[in-house]
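Survey of secondary and tertiary structure
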Amino acid sequence: MTKTSQSPSAASLLAWYDRHHRDLPWRVSPPMAARGVTPDPYHIWLSEVMLQQTTVPAVKAYFAKFLERWPTVGDLSAAPTDDVMAAWAGLGYYARARNLKKCAEAVAADHGGRFPDTEDGLRALPGIGDYTAAAVAAIAFNRQAAVMDGNVERVISRLYAISTPLPAGKPLMKQKVALLTPADRPGDFAQAMMDLGATICTPKRPVCSLCPFNNACVALALHDPEHFPVKAAKKDKPVRQGAAFVAVNGEGEIYLRRRIASGLLGGMTEVPTTGWTARIDGETGTDAAPFPADWQAAGTVTHVFTHFELRLSIYRAQVASGSNRNDGWWEPVTNLEAQALPTVMKKAITQAIPRAFIKASA
DNA sequence: TATGCGTGGTC
DNA sequence: TGACCAAGCAT
């Protein structure tokens, strides 16, 4: 029978973290904490929301931009929602931006501008779920909260060789995390678990030789850490198609409109498009074009969303300056960077106007 | 509990 | 190179 030599302990992980923690813009590292620096709950919350299903490298620039523009949660609460959406453009999962703004408003209006300092209090705010509530409570407020994200699920499932597939196995994993979470330095413990999952206990080819839990890990003792976590089978991704219309007038302006506030790309800016359907019969035509014009086929764009692949036929037209419709507006092509354009729309515009997002050089 | 919701990086 | 994946939330 395969055995491990000892039980995992928070102390061994924290000792590892003290040596190997990463310096991140929103993080108060152990050396900083030793100098008396304390985490700013606004910074912790903002980073945690941005990091939901999003990589650290992608978040860094957005985090800096948001802090420069809105230094406090009060500043963010007072910002126009359109400005927040435009600043979030490109980061994805745009409901996060809508809820970010709502959450800031709630903190300003209902909590005197200070974040609640308990897991339950945080959990009640828009855009804050189980993970983020626990993470902010632990990291910003030193609460003994069990923090479990995808990294922690991987670490725990391997440490205890939990074979129950996700998401069904989540409650058991959460229980294990809670038992392991220390009263002292719970925030560092949470960050250490996530760092461990991100750098050592990786999905492929984990570096078990460097892991502080390698003498306690059951999956390693079984010689099969990559087998965990077990996940439910995924569904296949359907293909949808549609057409997008890029109209440019004599003033060098492009016709844009706002998507409805909910659902896919909710509240974001778009060029006019047809519906995106599962049909593959090629009937995307120009019937749905915003203006009668000499629409020219300008190629296609493919974009992969979480649950479907979209193939857009791009049409371009030069139209008279007087052309108008009441569902959108004309925007100078030179000002597109300031718009709340999701990546798929930037792709569509670039297909029609290759230089649209190239900054004019001096 | 299952589904809808973006994007970019990795191998 | 396409499949997988990343500090999840709302409904």
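Residues numbered from 1 in each chain as written. Chains lettered and ligands numbered in written order. Predicted model: local features only at pLDDT ≥ 70, side-chain atom pairs only at ≥ 80, totals over all residues. Heavy atoms only, no water.

Our focus in this paragraph is the overall build of chain A. Scanning chain A from terminus to terminus reveals 14 helices and six strands. Referenced to the eigenvectors of the C-alpha coordinate spread, the extents of chain A come out at roughly 75 × 50 × 40 Å. Counting only residues that meet the buried cut, chain A has 48% of its 362 residues in that class. When contacts within chain A are restricted to residue pairs at least 6 apart in sequence, long-range pairs at least 24 apart make up 67% of them. With the model as given, the accessible surface of chain A reaches about 17800 Å², and the carbon-plus-sulfur share is 52%. (Helix = DSSP H or I, 4+ residues; strand = E, 2+ residues; numbered from the N terminus. Buried < 20%, exposed > 50% of the residue type's maximum accessible area, 1.4 Å probe, protein only. Contact = heavy atoms within 4.5 Å. Areas by Shrake-Rupley, 256 points an atom, 1.4 Å probe, with all protein chains shown as cover.)

In the vicinity of DNA strand B lie 19 residues, with K235, L265, T306, H307 and T343 positioned nearest. Within 4 Å of the protein, atoms of DNA strand B come from sugar and phosphate in 63% of cases. Residue Y94 places a side-chain N or O atom 2.8 Å away from a phosphate oxygen belonging to DNA strand B. Broken down by secondary-structure element, the contributors of at least two residues to the surface near DNA strand B are β4 (296–304) and α14 (343–352). Of the residues assigned to the surface near DNA strand B, the class counts are nine nonpolar, nine polar and one charged. (Near = heavy atom within 4 Å. Polar contact = N/O pair within 3.5 Å; in protein donor to acceptor, adjacent residues only side chain to side chain. Nonpolar A, V, L, I, M, F, W, Y, C, P; charged D, E, K, R; others polar.)

Time to look at the domain arrangement of chain A. Domain annotation for chain A reports domain 1 (10–227) and domain 2 (239–352). Across the contact, eight residues belong to domain 1 and 15 residues belong to domain 2. In this structure, the connection of domain 1 to domain 2 is made through one salt bridge. Between R258 and D82 there is a salt bridge, with the nearest N and O atoms lying 3.4 Å from each other. Across the domain 1-domain 2 interface, the total number found is four residue pairs in polar contact (both at pLDDT 80 or more). (Domains from an automatic or database assignment. Salt bridge = Lys/Arg side-chain N within 4 Å of Asp/Glu carboxyl O.)

Turning our attention to the protein's contact with DNA strand C. The environment of DNA strand C is formed by 24 residues, the closest being G127, T132, D149, N151 and R154. Each atom of DNA strand C within 4 Å of the protein belongs either to a base or to sugar and phosphate, the latter forming 68%. At 3.4 Å from a base nitrogen of DNA strand C is found a side-chain nitrogen or oxygen belonging to E48. With respect to DNA strand C, the side chain of R154 contributes an N or O atom lying 2.6 Å from a phosphate oxygen. Among the secondary structure elements, those contributing two or more residues to the surface near DNA strand C are α9 (130–141) and α10 (150–159).

Take the packing of helix α3 (residues 41–50) against helix α7 (residues 95–110) next. Helices that pack against each other are described as a pair by the angle of their axes relative to one another and the distance between those axes. Remark: α3 packs on α7, axes separated minimally by 11 Å, with the N-to-C direction vectors making an angle of 160 degrees. Comparing the axis directions of α3 and α7 gives the class roughly antiparallel. Our pair here, α3 against α7, has a crossing hand that is right-handed. Counted together, W45, L46, V49 and M50 of α3 and R96, L100, C103 and A104 of α7 form the full contact between these two elements. Of the residues contributing to the contact of α3 with α7, the split by class is seven nonpolar, no polar and one charged. (Axes fitted to C-alpha atoms, helices over the stretch in contact; angles between N-to-C directions. Parallel < 35°, antiparallel > 145°, perpendicular 65-115°, else oblique. Left-handed = near helix turned anticlockwise from the far one by under 90°.)

Our next topic: the packing of aromatic side chains. For the coordinates displayed, the defined rule picks out 12 aromatic pairs. With a centroid separation of 5.2 Å and an interplanar angle of 70 degrees, the aromatic rings of F245 and W295 are classed as edge-to-face. With a gap of 50 residues between them, F245 in strand β1 (residues 239–248) and W295 in the loop between β3 (269–270) and β4 connect regions that are remote in the sequence. A relative accessible area of 12% places W295 in the buried class. Within the aromatic cluster, the residues linked to one another by ring pairs are Y42, W45 and F115. Taking NZ or CZ as reference, R240 lies 3.9 Å from the ring centre of F308, over its face. (Phe/Tyr/Trp six-rings, centres within 6.5 Å; stacked < 30°, edge-to-face > 60°. Lys NZ or Arg CZ within 6 Å of the ring centre and 35° of its normal.)

With that out of the way, let us pick up the UniProt feature "domain: HhH-GPD" (unreviewed entry) in chain A. Those places that UniProt annotates as "domain: HhH-GPD" (unreviewed entry) correspond, in this numbering, to residues 50–199. Secondary structure within residues 50–199 divides into 65% helix and 0% strand; the distance between the first and last C-alpha atoms comes to 20 Å. (UniProt positions renumbered as here; feature names shortened; annotations may be inferred.)

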